[in-house]
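Chain and residue survey
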Amino acid sequence: RSMSLPSFRGAAAQFIQKEANLSHQQQVTRLYRHSLRVLQDWTVARGLFLQEATKMREEFDANRNCTPAAARRLLREGQERLVSKTHPDPYKLCWMPGGSKFMRNPPLPLEICFPDGIPDEYQHVLPVNVDMLQVTPERRRDNVLVDFSKKNYE
């Protein structure tokens, strides 16, 4: 039993990314973008979303040139406010992890369709990743961990 825990941690370490050391500007930018996403979860009408997003942008702009101590305090308060306002059932695109169509009817690999070899007319077909997007060389992921209970991948 003691051997399984270190081996599990070693396998899981391949998928866990270390938290980046971000500058203050990057943290504020992430806070703003996450705030917009949370706002989009709560507002259905596009017009209402645009009004609220404008108010939020004005609030961010009003605190642009504050002292470093006030900036750290505002950032901390903004992150706490973001956590408190997070929607319990956030909006997800239907074909992305967590969506209702995620991995619904995925195409079979060509190796299964053609066990005797893939014909020349299908050589240009790219395989499909777990998020149902075609695998291109720049998007290729060798290590994909899919949690089917949560319908997401890491």
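For the structure, check the block above.
Described below are features of the structure shown in this document. (Residues numbered from 1 in each chain as written. Predicted model: local features only at pLDDT ≥ 70, side-chain atom pairs only at ≥ 80, totals over all residues. Heavy atoms only, no water.)

In terms of regular secondary structure, the protein chain is built from five helices and two strands. Secondary structure elements of the protein chain occur, N-terminal to C-terminal, as α-α-α-α-α-β-β. Considering the protein chain as a whole, with its 154 residues, one finds that 17% of them fall into the buried category. Accessible surface, the protein chain: about 12800 Å² in total, of which carbon and sulfur atoms supply 54%. (Helix = DSSP H or I, 4+ residues; strand = E, 2+ residues; numbered from the N terminus. Buried < 20%, exposed > 50% of the residue type's maximum accessible area, 1.4 Å probe, protein only. Areas by Shrake-Rupley, 256 points an atom, 1.4 Å probe, with all protein chains shown as cover.)

Between its first and last C-alpha atoms helix α3 (residues 46–62) spans 24 Å; for 17 residues at 1.5 Å apiece the expected length is 24 Å, and the two agree. Those residues of α3 not exposed but buried are F49, A53 and M56. In a view along the axis of α3, the buried residues occupy a sector of 65°, so they form one face of it. Relative to its buried face, α3 has exposed residues pointing more than 90 degrees away, namely Q51, E58 and A62. Looking at the packing, one finds that the buried side of α3 touches α2 (24–42). (Expected span 1.5 Å × (residues − 1). Arc of directions from axis to C-beta. Contact = heavy atoms within 4.5 Å.)

Our next topic: the nonpolar core. With six residues, the main nonpolar core is built from Y32, L36, L39, F49, A53 and M56. Dropping the residues within four chain positions of it, M56 is found in contact with Y32, S35, L36 and L39. (Core = buried A, V, L, I, M, F, W, Y, C linked by side-chain atoms within 4.5 Å.)

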